[in-house]
Amino acid sequence: MWGGRFKGGSSDIMSEINVSIGFDKRLAVQDILGSKAHVTMLAAQGIVSNSDAAKICSGLEQVLAEIEAGTFEFKTDLEDIHMNVESRLSELIGPAAGRLHTARSRNDQVATDFRLWLRDEIDAVVPAIKDLQLALIEQADRAADYVMPGFTHLQNAQPITFGHHLMAYVEMFQRDRDRFRDCRKRLNESPLGSAALAGTPYPIDRDHTAKALGFDRPTANSMDAVASRDFALEFLGAASIHAMHLSRLADEIVLWMSAQFRFVKLSDAFTTGSSIMPQKRNPDAAELVRAKIGRIAGAFQSLIMVMKGLPLTYSKDMQEDKEPVFQAVDALMLSIAATSGMMRDLVPQKDNMLAAAKLGFTTATDLADWLVQKKGIPFREAHHIAGALVSEAEKKGCGLEDLSLEEMRLISSEIDESVFEVLSVEASAAARKSFGGTAPECVRKAVAAARTELLAE
């Protein structure tokens, strides 16, 4: 490839560190698409002949067929996917293959391939998250009135509904989808034709190749086009946030399956046993999803460290851009699929949730609100009264609703028997009808709205 300048061969160590075909062969389809668009444009501009362009396109189709059939031989001595494709093309069609690289460089070629590949992956990630949202929505619909404890500091706080809890993740995942789609908009510019860094003296038509490859426009600056990988960093940022959300849900599944919670069950399909303890059912799928954030956020850190000190334009450091992204995509897609599977497999344990909701005086705020609404007591004073009643119930080892009216009135004479209407966990959850609240009727409205929106896409 550069034999005119170099007389000796590379050392074995140099070859080992320099070769990238082991991972960048994943760009094969995109590399061939980019080459076909490029040579078609060259012919339209009269830079290469129509006959040579036709031979090149036909040869590229044959190379693609070999790759898809698994018969293509990827050679490490050819370094990368670009030279592997070009070398095979030369074997198939002869000297005409040498015209393909006119008016381009591997610098703009790889930037184009990478954007095309990542765009395809975003187009797979977004519907995968949508499928997960639909799985959550179906569970939330069935469990709209299942009362459970809501937590702050992992302490029982207020009664909520399981459906409401699940719909919180539907909202998170919607923002995640929007971030990926927003990332796609920014990456959808074509670097092709920027050449090594300065553009090219050939009369190329960059709008032609951009349109042929489905890009919105060509990149505006040839140096930026080959030097930038912020599109990949933005994807990894969005992926890290989504993986963090998946990890939070996975961690809750782990907690919910524990003997201390017993809020949900998973079948054999998403659990494993123990090699020594025959009674165990381990939520390994959830635990592994929880762990995948390490790979994905680590990929972001890896790439940003590669890019942080590079002067414009291209440096070989940037060959390290693809492996972390490939690994992050693999981990992300597997995590989404596993979480979707778990959510469809999961069986809520309604009675256990309800029993847990009754622990920890979770209707204390309802008592304070009752004093404010029914008796006109300032909230801070009502908060103090409710706290005193909690202390009294704690001493007696009972719930707030188990205190007698007389015991309550010893602390506040304002209390009457209607207070018991607000002290059940079911009443507490049902009362929270404010927009975005946990009441079953609010959950069902949220479910209907989210389902309609997703299915309309």
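Structure: above.
This text gives an overview of the structure that appears in the document. Please read all numbers here as calculations on a predicted model, not as lab measurements.

**Let's talk about the overall build of the chain**
Next up, step 1: In terms of regular secondary structure, the chain is built from 18 helices and six strands.
Next up, step 2: Computed over the C-alpha atoms, the radius of gyration of the chain is 30 Å, more than 25% above the 23 Å expected from 2.2 N^0.38 for a compact globule of 457 residues.
Next up, step 3: With the principal axes as the frame, the chain shows a C-alpha extent of 100 × 55 × 40 Å.
Next up, step 4: Buried residues in the chain amount to 49% of all 457 residues.
Next up, step 5: Partitioning the contacts of the chain with sequence separation of at least 6, the portion at a separation of at least 24 is 75%.
Next up, step 6: Total accessible area on the chain stands at roughly 21800 Å², and carbon and sulfur atoms take up 53% of it.
Next up, step 7: With 51 positive and 63 negative side-chain charges, the chain shows a spacing of 2 Å between the two charge centroids.

**Quick word on the pairing of strand E1 (residues 147-152)**
Next up, step 1: Across six bridges, the pairing between E1 and strand E2 (residues 155-161) is antiparallel. Bridged to threonine 152 within E2 is glutamine 155.
Next up, step 2: Between the end of E1 and the start of E2, which pair antiparallel, lie two residues, with histidine 153 showing a positive phi angle near 60°.

**Some points on the environment of lysine 433**
Next up, step 1: Mapped onto the elements of the fold, lysine 433 is located in the loop between helix H17 (425-431) and helix H18 (440-456).
Next up, step 2: In this structure lysine 433 touches Ala439, Glu441 and Cys442, once residues within four positions along its chain are discounted.

**Remarks on the pattern of salt bridges**
Next up, step 1: What the rule picks out here adds up to 32 salt bridges.
Next up, step 2: Residue arginine 451 pairs with glutamate 138 through a salt bridge whose shortest N-O separation is 3.1 Å. Of this pair, arginine 451 sits in helix H18 while glutamate 138 is found in helix H6 (residues 106-142), placing the two residues 313 residues apart along the sequence.
Next up, step 3: Its relative accessible area of 23% is what places arginine 451 among the partly exposed residues.
Next up, step 4: When the shortest N-O distance is used, the salt bridge between arginine 179 and aspartate 176 registers 2.8 Å. A residue pair is termed a helical-turn pair when its members lie 3 or 4 positions apart in one helix, as arginine 179 and aspartate 176 do in helix H7 (residues 162-187) at three residues.
Next up, step 5: What makes arginine 179 partly exposed here is its relative accessible area of 29%.
Next up, step 6: Given the relative accessible area of 0%, aspartate 176 is considered buried.

**Considerations on a nonpolar patch on the surface**
Next up, step 1: A contiguous nonpolar surface patch, about 270 Å² in accessible area, is contributed by Leu197, Met223 and Leu312.
Next up, step 2: Considering the arrangement of structural elements, one finds leucine 312 in the loop between helix H11 (284-307) and helix H12 (322-345).

**Topic: the nonpolar core**
Next up, step 1: Phe162, Phe180, Phe235 and Val325 are the most contacted members of the largest nonpolar core, which has 101 residues in total.
Next up, step 2: One finds Trp370, Leu389, Val390 and Val419 within the second-largest nonpolar core, a separate group that totals 19 residues.

**Thoughts on the environment of isoleucine 253**
Next up, step 1: One can find isoleucine 253 in helix H10 (residues 230-257).
Next up, step 2: Each C-alpha atom of the pair isoleucine 253 and cysteine 183 lies 30 Å from the other, and the pair is 70 residues apart in sequence.
Next up, step 3: Other than its neighbours up to four places away in sequence, isoleucine 253 contacts Val264, Leu266, Ala286, Met342, Met343 and Leu346.

**Comments concerning the packing of aromatic side chains**
Next up, step 1: In the structure shown here, the tally under the stated rule is nine aromatic pairs.
Next up, step 2: Where phenylalanine 180 meets phenylalanine 235, the ring centres are 5.5 Å apart and the plane angle is 50°; that geometry is what we call tilted. With a gap of 55 residues between them, phenylalanine 180 in helix H7 and phenylalanine 235 in helix H10 connect regions that are remote in the sequence.
Next up, step 3: Look at phenylalanine 235 and you get buried, because its relative accessible area is 0%.
Next up, step 4: Grouping aromatic residues by their ring pairs yields a cluster made of Phe114, Trp117, Phe231 and Phe326.
Next up, step 5: Its guanidinium or amino end placed over the ring of phenylalanine 215, arginine 119 lies 5.0 Å from that ring's centre, counting from NZ or CZ.
Next up, step 6: The ring of phenylalanine 114 carries the charged tip of lysine 322 above its face, separated from the ring centre by 5.8 Å.

**Some remarks on H11**
Next up, step 1: Between its first and last C-alpha, H11 extends 35 Å over 24 residues, near the 34 Å set by a 1.5 Å rise per residue.
Next up, step 2: Looking only at H11, the buried set comprises Ala285, Ala286, Val289, Lys292, Ile296, Ala299, Leu303, Val306 and Met307.
Next up, step 3: Buried residues along H11 sit in contact with helix H9 (222-227), H10 and H12.

**Digging into the packing of helix H14 (residues 364-375) against helix H15 (residues 379-396)**
Next up, step 1: Look at H14 against H15: their axes get within 8 Å of each other, and the N-to-C directions meet at 135°. Here H14 lies oblique to H15, going by the angle between them. For the crossing formed where H14 meets H15, the hand is right-handed. Taken together, the residues of H15 that come into contact with H14 (itself represented by Ala364, Leu367, Ala368, Asp369, Leu371 and Val372) are Phe379, Ala382, His383, Ile385, Ala386, Leu389 and Val390.
Next up, step 2: When the residues that make up the contact of H14 with H15 are grouped by side-chain class, the tally is eleven nonpolar, one polar and one charged.

**Overview of unusual backbone geometry**
Next up, step 1: Cis rather than trans, the peptide bond between leucine 312 and threonine 313 has omega equal to 10°.
Next up, step 2: By the secondary structure assignment, threonine 313 is in the loop between H11 and H12.
Next up, step 3: Here the phi dihedral of glutamate 79 falls at roughly 75°; this positive angle occurs in a residue that is not glycine.
Next up, step 4: If you trace the backbone, glutamate 79 turns up in the loop between helix H4 (50-69) and helix H5 (81-93).
Next up, step 5: Under the relative-accessibility criterion, glutamate 79 is labelled buried at 7%.
Next up, step 6: Here phenylalanine 361, not a glycine, exhibits a phi torsion of approximately 55°, which is positive.
Next up, step 7: Relative to the helices and strands, phenylalanine 361 resides in the loop between helix H13 (350-357) and H14.

What counts, and at which threshold
- Residues numbered from 1 in each chain as written.
- Predicted model: local features only at pLDDT ≥ 70, side-chain atom pairs only at ≥ 80, totals over all residues.
- Heavy atoms only, no water.
- Helix = DSSP H or I, 4+ residues; strand = E, 2+ residues; numbered from the N terminus.
- Rg over C-alpha atoms; globule rule 2.2 N^0.38 Å.
- Buried < 20%, exposed > 50% of the residue type's maximum accessible area, 1.4 Å probe, protein only.
- Contact = heavy atoms within 4.5 Å.
- Areas by Shrake-Rupley, 256 points an atom, 1.4 Å probe, with all protein chains shown as cover.
- Lys, Arg positive; Asp, Glu negative; His and termini not counted.
- Charge placed at Lys NZ, Arg CZ, Asp CG, Glu CD.
- Pairing = 2+ DSSP bridges.
- Salt bridge = Lys/Arg side-chain N within 4 Å of Asp/Glu carboxyl O.
- Patch = residues over 30% accessible without salt bridge, like charges linked within 9 Å, V, L, I, M, F, W, Y side chains within 5 Å.
- Core = buried A, V, L, I, M, F, W, Y, C linked by side-chain atoms within 4.5 Å.
- Phe/Tyr/Trp six-rings, centres within 6.5 Å; stacked < 30°, edge-to-face > 60°.
- Lys NZ or Arg CZ within 6 Å of the ring centre and 35° of its normal.
- Expected span 1.5 Å × (residues − 1).
- Axes fitted to C-alpha atoms, helices over the stretch in contact; angles between N-to-C directions.
- Parallel < 35°, antiparallel > 145°, perpendicular 65-115°, else oblique.
- Left-handed = near helix turned anticlockwise from the far one by under 90°.
- Nonpolar A, V, L, I, M, F, W, Y, C, P; charged D, E, K, R; others polar.

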